[in-house]
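So you can see what is in the structure, the chains are spelled out below.
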Amino acid sequence: MDEQGTDELQKIAENVSLAIDHLGPLSDVDFGLNRESVEWVDGFIERQRAQPGFDAERADGLVGVLGSFLGACLVAATGGRWHRSGDHGWGVLLPDGSTAFPFTKVRKQFRDGGDEGESIAAFYRVAVDFIATGRMREAREGGRPEDAGRPQEA
């Protein structure tokens, strides 16, 4: 990995620590790299969106911190790893070979919200329980032969 990639991964790790250190004490869960914490952060995003004057276009700092945290939760739950895609930036390469893009999902939830179907908790559940395990691909290949072997993105 090049020096820039190493520096970016270090920034992601710092963001994860920042999220845990600052959000953990605010939460009512055993805050860490786990499903319950992702669900709490999902609610945190919705509470931020509800604040008067909230502007999703000015949430880049939060997107960076929370996207790093969400990605680290995916890595911890699936055994995946951070991977930089030229077109999409940093994502988590899941064991089945697909890539989940946590920064994109966090940004979408800040922009559109849960009422529009954007939820990092749902994203996490699908990525961990279905995509990373291969269950999504198995269901797709069994149900629609024309989709067999098509790469997936979470």
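Described in the following lines is the structure provided in the data block.

Next up on the list: the packing of helix 1 (residues 3–23) against helix 3 (residues 60–78). Packing of helix 1 against helix 3 brings their axes to within 8 Å, and their N-to-C directions diverge by 95°. Overall, the two elements helix 1 and helix 3 adopt an arrangement that is roughly perpendicular. Of helix 3, the residues touching helix 1 (which contributes Ile12, Asn15, Val16, Leu18, Ala19, Ile20 and Leu23) are Gly64, Val65, Leu66, Ser68, Phe69 and Ala72. Residue composition of the contact of helix 1 with helix 3, grouped by class: 10 nonpolar, 3 polar and no charged.

With that out of the way, let us pick up the sheet that holds strand 2 (residues 89–93). The 3 strands are arranged 1-2-3 in an open sheet whose pairing can be described as antiparallel. The open sheet is flanked by strand 1 (81–85) and strand 3 (99–100), the only strands paired with a single partner. Alignment of strand 1 against strand 2, held across 5 bridges, turns out to be antiparallel. Its bridge partner being in strand 2, serine 85 is matched across the sheet by glycine 89. Sitting on the sheet, helix 4 (residues 102–112) is in contact with strand 1, strand 2 and strand 3, with an inclination near 110° to strand 2.

Inspection of every chain in the model, using the stated rule, returns 5 aromatic pairs. Each ring, one from phenylalanine 31 and one from tryptophan 40, has its centre 5.9 Å from the other, and the planes form 90°; the classification is edge-to-face. Each member of the pair, phenylalanine 31 as well as tryptophan 40, is classed as buried. Ring geometry for phenylalanine 54 against phenylalanine 110: centres 5.7 Å apart, planes inclined by 25°, an arrangement best described as stacked. With a gap of 56 residues between them, phenylalanine 54 in the loop between helix 2 (35–49) and helix 3 and phenylalanine 110 in helix 4 connect regions that are remote in the sequence. With a relative accessible area of 27%, phenylalanine 54 lands in the partly exposed category.

Let us now look at the side chain of threonine 78. Mapped onto the elements, threonine 78 comes out in helix 3. What makes threonine 78 buried here is its relative accessible area of 15%. Here the side chain of threonine 78 touches glycine 80 through a polar contact of 3.0 Å, landing on its backbone nitrogen. Residues in contact with threonine 78, not counting those within four places in the same chain, are Leu94, Pro95, Val128 and Ala132.

To continue, consider helix 3. Counted at 1.5 Å a residue, the expected span for helix 3 with its 19 residues is 27 Å, and the 26 Å between its end C-alpha atoms agrees. Glycine 79 lies just past helix 3 and shows a positive phi near 80°.

Definitions and cut-offs
Residue indices follow the written sequence of each chain, beginning from 1 at its first position. pLDDT decides what is reported in this predicted model: residues at 70 or higher carry local features, side-chain atom pairs at 80 or more are listed and counted, and totals for whole chains, interfaces and linings draw on all residues regardless. Think of the side-chain values as coming from all heavy atoms in the structure, minus any hydrogens and water. To obtain each axis, a line is fitted to C-alpha atoms, and for helices this fit is confined to the stretch in contact; angles are then taken between N-to-C directions over 0 to 180 degrees. Numbering of helices and strands runs from the N terminus, with a helix taken as a DSSP run of H or I at least four residues long and a strand as a DSSP run of E at least two residues long. Orientation categories follow fixed angle ranges, with anything under 35 degrees roughly parallel, anything over 145 roughly antiparallel, 65 to 115 roughly perpendicular, and all other angles oblique. Contact criterion: two residues are considered in contact whenever any of their non-hydrogen atoms come within 4.5 Å of each other. Basically, the charged four are Asp, Glu, Lys and Arg, the nonpolar ten are Ala, Val, Leu, Ile, Met, Phe, Trp, Tyr, Cys and Pro, and anything else, Gly included, counts as polar. Should DSSP find at least two bridges between two strands, the strands are taken to pair. For Phe, Tyr and Trp, rings pair up if their centres lie within 6.5 Å, where Trp contributes its six-membered ring, and each pair is then called stacked (planes under 30 degrees apart), edge-to-face (over 60) or tilted (otherwise). Burial status follows relative accessibility: with a 1.4 Å probe on protein chains alone, a residue under 20% of its type maximum counts as buried, one over 50% as exposed, and anything between as partly exposed. For the purposes of these results, a polar contact is taken to be a pair of N or O atoms within 3.5 Å, where, inside protein, one atom must be able to donate a hydrogen and its partner to accept one; residues adjacent in sequence count only when each atom of the pair is a side-chain atom. For a helix, the expected span equals 1.5 Å multiplied by the residue count minus one.

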